[in-house]
Amino acid sequence: MTLQEPLLDGSQKALQAVYLDSLSLVERLHRLLLDVIKDEFERLGVQEINPVQALLLFNIGEHEVTAGELKTRGYYQGSNVSYNLKKLVELGYMHHQRSEIDRRSVRVRLTEKGRRVRAILTDLFARHAEGMEKRGMIGVNGIEEINSSLRRMERYWTEQIRYIY
């Protein structure tokens, strides 16, 4: 059996091309963000944790969450969340405590050391936002427009996962 590509008219081909370009761009931007964080940490001499772990700390913030909640709240998408949580606890960036209700569940929250990493990223992201605005690259309205489009795409993908058409 051979798979054939669907026959697309000109506008469908154009839409597919820009959609694929968007997918590629989102992926590249995520990798670049990790590189930017890595560079900032190297500049500051932070070597214990990697950029993925730092983003995890940033996204948890002042919340207390379980590993399952990290995924459902969209804080973390990686398949190795348990490894990273264990590592961050071992290194003293997070506290962990077994739930009184469900002993299988562990709740985590940042330690002072974890909050310092979060502060580094907060400062980095604030500098980026200010720098982009100062250079005239993008302002609040432009970012809001991008975010709105990305949220619509997120909703569409979520619907596809849940088989809602």
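Residues numbered from 1 in each chain as written. Predicted model: local features only at pLDDT ≥ 70, side-chain atom pairs only at ≥ 80, totals over all residues. Heavy atoms only, no water.

Peer 1: Would you mind showing me how to read the side chain of threonine 111 here?
Peer 2: As for its position among the elements, threonine 111 is in the loop between strand S3 (106-110) and helix H5 (112-134). In contact with threonine 111, other than residues within four places in its own chain, are Gly92, Tyr93, Met94 and His95. (Helix = DSSP H or I, 4+ residues; strand = E, 2+ residues; numbered from the N terminus. Contact = heavy atoms within 4.5 Å.)

Peer 1: Explain the sheet that holds strand S1 (residues 65-66) here, please?
Peer 2: Taken in spatial order, the 3 strands line up as S1-S3-S2 in an open sheet, and their pairing is antiparallel. For this open sheet the edge positions go to S1 and strand S2 (94-98), each flanked by a neighbour on one side alone. In the sheet, S2 pairs with S3 via 5 bridges, with the strands oriented antiparallel. Across the sheet, the residue bridging to histidine 96 is valine 108, located in S3. (Pairing = 2+ DSSP bridges.)

Peer 1: Any chance you could explain the pattern of salt bridges here in plain terms?
Peer 2: Side chains that carry opposite charge are capable of pairing whenever their charged atoms lie near each other. Under the criterion given, the structure shown has 11 salt bridges. Glutamate 42 is paired through a salt bridge with lysine 38; the nearest N and O atoms lie 2.9 Å apart. With a gap of 4 residues between them, glutamate 42 and lysine 38 both fall in helix H1 (residues 10-44), about one helical turn apart. Where salt bridges share partners, they join Glu40, Arg43, Asp123 and Arg127 into one cluster. (Salt bridge = Lys/Arg side-chain N within 4 Å of Asp/Glu carboxyl O.)

Peer 1: Whenever I open this one, the nonpolar core confuses me. Can you help?
Peer 2: Across soluble globular proteins, nonpolar side chains show a tendency to be buried alongside one another. Core analysis: the biggest nonpolar cluster contains 23 residues, and Phe41, Ile49, Leu57 and Met94 have the highest contact counts within it. Those elements that place two or more of their residues in this core are H1, helix H2 (51-60), helix H4 (81-90), S3 and H5. When residues in this core are grouped by element, the largest group, 6 residues, is from H2. Leaving out residues up to four positions away in the same chain, phenylalanine 41 has contacts with Val46, Ile49, Ala54, Val117, Ile120 and Leu121. (Core = buried A, V, L, I, M, F, W, Y, C linked by side-chain atoms within 4.5 Å. Buried < 20%, exposed > 50% of the residue type's maximum accessible area, 1.4 Å probe, protein only.)

Peer 1: Honestly, helix H6 (residues 140-161) in this entry has me stumped. Any pointers?
Peer 2: Residue pairs three or four apart in sequence face the same way in an α-helix, which turns once every 3.6 residues. Here H6 spans 31 Å end to end across 22 residues, near enough to the 32 Å set by a 1.5 Å rise per residue. Phi turns positive one or two residues past the end of H6, at tyrosine 163, with a value near 60°. (Expected span 1.5 Å × (residues − 1).)

Peer 1: I would appreciate a short explanation of the packing of aromatic side chains in the present structure.
Peer 2: Between two aromatic rings, the relevant description is the distance of the centres plus the angle of the planes. Taken as a whole and assessed by the stated rule, the structure comprises 1 aromatic pair. In this structure, lysine 113 is placed above the aromatic ring of tyrosine 93, and the distance from its NZ or CZ to the ring centre is 4.6 Å. Above the ring of phenylalanine 58, the side-chain terminus of arginine 118 is found at 5.0 Å from the ring centroid. (Phe/Tyr/Trp six-rings, centres within 6.5 Å; stacked < 30°, edge-to-face > 60°. Lys NZ or Arg CZ within 6 Å of the ring centre and 35° of its normal.)

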